[in-house]
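Fold and geometry: a report
Next come the chains, spelled out residue by residue.
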Amino acid sequence: MSADVERERWELRSGEGVGPLKFEMSPAEVADALLVSGPLVGVGGSYEQEDFPDGVKAFYDAGKLACVALDAVTGPQVFLAGFPLAGSDPVQGHQFLLDHAAEHGNWILYTPDESLSLTDLGLLLRSQRVGKACLTLTVDLDLTADQFAA
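Here goes a summary of the coordinates provided. Note that the structure is predicted; figures quoted are calculated from it, not measured.

1. What about the sheet that holds strand β8 (residues 83-84)?
Sheet architecture is open: 5 strands sit in the order β3-β2-β1-β7-β8, paired in mixed fashion. Of all the strands in the sheet, the pair left with one neighbour each is β3 (21-22) and β8.

Shown next, in the form of structure tokens:
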């Protein structure tokens, strides 16, 4: 996605997915939803991973979509309650999530790299260095608080 093209706008749907992607989709369904001719070749790791154009990464567990990661600059802009999660200032993003958690009773988890997760929403907000700036990127996980505790 180039700088002169407006980013796609995706809404986070708690426990369901983000934008056109729904958890439990097959790689072919994900490719179809992203308007790509077919699944891309994945890379290794504990999850199967596919890197799609425009800053979208899909992670699969047992052949089903389990996680979506979006690049802070080139990925779609994801909103939660009207707040832009991807590409924002990390301090503002963390404060928004803390306020959202306090208002809605969400479970909070800090990861070892100081990323913030609202586990019951399946959302992990990480930072990405872009030149001299640091921006947020969104990782939408199909996880519940029970799975984090396991």
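After that view of the structure, there is still more to cover.
2. Topic: unusual backbone geometry
Even without a glycine there, the phi angle at D54 is positive, about 65°. Judged by its relative accessible area of 33%, D54 is partly exposed. Notably, A62 is not glycine yet its phi reads approximately 55°, a positive angle. Examined against the element boundaries, A62 turns out to sit in the loop between β5 (56-61) and β6 (64-70).

3. Notes on the pattern of salt bridges
In total, this model carries 3 salt bridges according to the counting rule given. In this structure, R13 engages E16 in a salt bridge whose closest nitrogen and oxygen atoms are separated by 3.7 Å. Overall, R13 belongs to the partly exposed group, its relative accessible area being 22%. In this structure E16 comes out as partly exposed when scored by relative accessible area, which is 48%. Here D113 and R126 are joined by a salt bridge, their closest N and O atoms 2.5 Å apart. One end of the pair, D113, is in the loop between β9 (108-110) and β10 (116-118); the other, R126, is in strand β11 (residues 123-130), and 13 residues separate them in sequence. Residue D113 is classed as partly exposed on the basis of its relative accessible area of 42%.

4. Looking at the pairing of β5
Note on strand geometry: in a regular strand, side chains alternate between the two faces of the sheet. Sheet topology note: the strand β4 (residues 48-52)/β5 ladder contains 5 bridges and is antiparallel. In the strand pairing of β5, E48 is matched with Y60. In sequence, β4 turns back onto β5 through a hairpin of 3 residues, with D54 there showing a positive phi of about 65°. Connecting the antiparallel pair β5 and β6 is a turn made up of 2 residues, with A62 showing a positive phi of about 55°.

5. Concerning the environment of A86
With respect to the secondary-structure elements, A86 resides in the loop between β8 and α2 (90-104). Note: C-alpha distance between A86 and G75 (11 residues apart in sequence) is 7.8 Å.

6. Comments concerning α2
With 15 residues, α2 should reach 21 Å at 1.5 Å per residue; the first-to-last C-alpha distance of 21 Å fits that figure. Every buried residue belonging to α2 is among P90, G93, H94, F96, L97, H100 and A101, and all of these are buried. Buried residues in α2, looked at end-on, bunch into an arc of 160°, giving them a common side. With respect to the buried face of α2, the exposed residues turned more than 90 degrees away are V91, Q92, A102 and E103. Just downstream of α2 lies G105, where phi reads positive at about 70°.

7. Quick notes on the side chain of N106
Assignment of secondary structure puts N106 in the loop between α2 and β9. Among the polar contacts made by the side chain of N106, one reaches the side chain of H100 at a distance of 2.8 Å. Residues in contact with N106, not counting those within four places in the same chain, are H100, A101, L118, D120 and L121.

About the criteria used
- Residues numbered from 1 in each chain as written.
- Predicted model: local features only at pLDDT ≥ 70, side-chain atom pairs only at ≥ 80, totals over all residues.
- Heavy atoms only, no water.
- Pairing = 2+ DSSP bridges.
- Helix = DSSP H or I, 4+ residues; strand = E, 2+ residues; numbered from the N terminus.
- Buried < 20%, exposed > 50% of the residue type's maximum accessible area, 1.4 Å probe, protein only.
- Salt bridge = Lys/Arg side-chain N within 4 Å of Asp/Glu carboxyl O.
- Expected span 1.5 Å × (residues − 1).
- Arc of directions from axis to C-beta.
- Polar contact = N/O pair within 3.5 Å; in protein donor to acceptor, adjacent residues only side chain to side chain.
- Contact = heavy atoms within 4.5 Å.

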